[in-house]
Amino acid sequence: MDMRERLIIALDFSRADEALALVDELKDLVSFYKVGMQLFNAEGPGIIERLRKKGVKIFLDLKYHDIPNTVAGAAEVAVRQGVEMFNLHLSGGRKMVETTLARVNKTVEETAMPRPLLLGVTVLTSLDEKTLQEEIGIRRSLKEQVLYLAKMGEAAGLDGVVASPQELGLLRRSLGESFLIVTPGVRPSWAAPNEQKRITTPEEAIQKGSDYLVVGRPVTKNASPREAAKKIITEMNGGNNRC
Ligand code: C5P
């Protein structure tokens, strides 16, 4: 796959015009965009249709976590909206994952819409081991919990997981080669880390086996988003050993 198709830009904006202007600026360079809670809550589902009209792919990052029937219902709507990728929290349990997958497949059959990739969120990268154990009450180590949930997702039939680039080695060793790993927390050497702590460069993330890189501020807050995206794609190509 062309590196340009493996870069997902996070549209973390509160207004549609900002998001749409960025997509125009990155035309022919970036074709995959992440819509998260901020933009979705500000603009509603109409933003998906507006982005789709520009011919780009959408990763709907709403991290569903609810009872199986409710998540399955939300997933059905996501399929009907034509997103290419969306996600749910694996800590919602295997039944939630399986019920959702079954509804996704049924909806795809009924509507002939393309089947979106369904990803699991393991442990949020903002949580450390102390918080995981002392506040949330998980007894496993953070890495064990990430791997445990990722394996559950794989066994339940998910397409992949969202993970910190620092977990790439562990996950790639333990999961099937075709199981997707999507990594935020990517920072080129020339960009500010912001509050992201467990970061790697684009080249490193590709080398360690990431399938898709999610990048926000290094592009969206750059004086020239287009130049920043070009540099990131060049760096991804430098590390390309999986294409
Ligand atoms: O601006 P930045 O590159 O840090 O944006 C990263 C994007 O990836 C944000 O939209 C953030 O919500 C998302 N994300 C993350 N860490 C996770 C999951 C998602 O940074 N574990």
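Above this text is the structure in question.
Residues numbered from 1 in each chain as written. Predicted model: local features only at pLDDT ≥ 70, side-chain atom pairs only at ≥ 80, totals over all residues. Heavy atoms only, no water.

Draft legend 1. Fine view of the nonpolar core. Grouped together as the largest cluster of nonpolar side chains are 68 residues, with contacts concentrated most on Leu7, Ile9, Leu11, Leu51, Leu60, Phe86 and Leu171. Ignoring any residue separated from it by four or fewer positions in sequence, one finds Leu7 in contact with Val30, Phe32, Leu213, Val215, Ala229, Ile232, Ile233 and Met236. Judged by nonpolar contacts, the second largest core, of 12 residues, contains Met85, Leu180, Tyr212 and Val214. (Core = buried A, V, L, I, M, F, W, Y, C linked by side-chain atoms within 4.5 Å. Buried < 20%, exposed > 50% of the residue type's maximum accessible area, 1.4 Å probe, protein only. Contact = heavy atoms within 4.5 Å.)

Draft legend 2. Just helix 11 (residues 225-238), in detail. Between its first and last C-alpha, helix 11 extends 20 Å over 14 residues, near the 20 Å set by a 1.5 Å rise per residue. For helix 11, the secondary structure elements touched by its buried residues are strand 1 (7-10), helix 1 (16-25), helix 9 (202-207), strand 8 (212-215) and helix 10 (217-220). (Helix = DSSP H or I, 4+ residues; strand = E, 2+ residues; numbered from the N terminus. Expected span 1.5 Å × (residues − 1).)

Draft legend 3. Structural detail: the pairing of strand 1. Of the two faces of strand 1, the one holding Leu7 and Ile9 and the one holding Ile8 and Ala10 are both buried throughout. In this structure, strand 1 lies alongside strand 8, joined through three bridges in parallel fashion. Among the inter-strand pairings, Ile9 is bridged to a residue of strand 8, identified as Val215. Two elements, strand 1 and strand 2 (residues 32-36), share three bridges in a ladder whose sense is parallel. Directly across from Ala10, in strand 2, lies its bridge partner Lys34. Crossover strand 1 to strand 2 through helix 1 is right-handed. (Pairing = 2+ DSSP bridges. Right-handed = clockwise from strand over helix to strand, strands pointing away.)

Draft legend 4. Region of interest: the sheet that holds strand 3 (residues 57-64). Here we have eight strands rolled up into a closed barrel, ordered 1-2-3-4-5-6-7-8, and parallel in their pairing. In this sheet, neighbouring strand axes are inclined to one another by 25° on average, regardless of whether the strands run parallel or antiparallel. Both strand 4 (residues 85-89) and strand 5 (residues 117-121) contribute to a ladder of five bridges, which runs parallel. Paired with His89 across the strands is Val121, a residue of strand 5. Lying on the sheet, helix 11 is in contact with strand 1 and strand 8; it crosses strand 1 at an angle near 145°. (Axes fitted to C-alpha atoms, helices over the stretch in contact; angles between N-to-C directions.)

Draft legend 5. Examining the site of the ligand more closely. Neighbouring residues of the ligand: 13 residues in total, closest Asp12, Thr125, Gln196, Gly216 and Arg217. One nitrogen or oxygen atom from the side chain of Asp12 is found 2.7 Å from an oxygen atom belonging to the ligand. A distance of 2.8 Å is found between a nitrogen atom of the ligand and a side-chain nitrogen or oxygen belonging to Thr125. Within the complex, 83% of the 460 Å² of free accessible area of the ligand lies under protein. For the shell around the ligand, the secondary-structure elements that each account for two or more residues are strand 8 and helix 10. Looking at side-chain class alone, the shell around the ligand contains five nonpolar, three polar and five charged residues. (Near = heavy atom within 4 Å. Polar contact = N/O pair within 3.5 Å; in protein donor to acceptor, adjacent residues only side chain to side chain. Areas by Shrake-Rupley, 256 points an atom, 1.4 Å probe, with all protein chains shown as cover. Nonpolar A, V, L, I, M, F, W, Y, C, P; charged D, E, K, R; others polar.)

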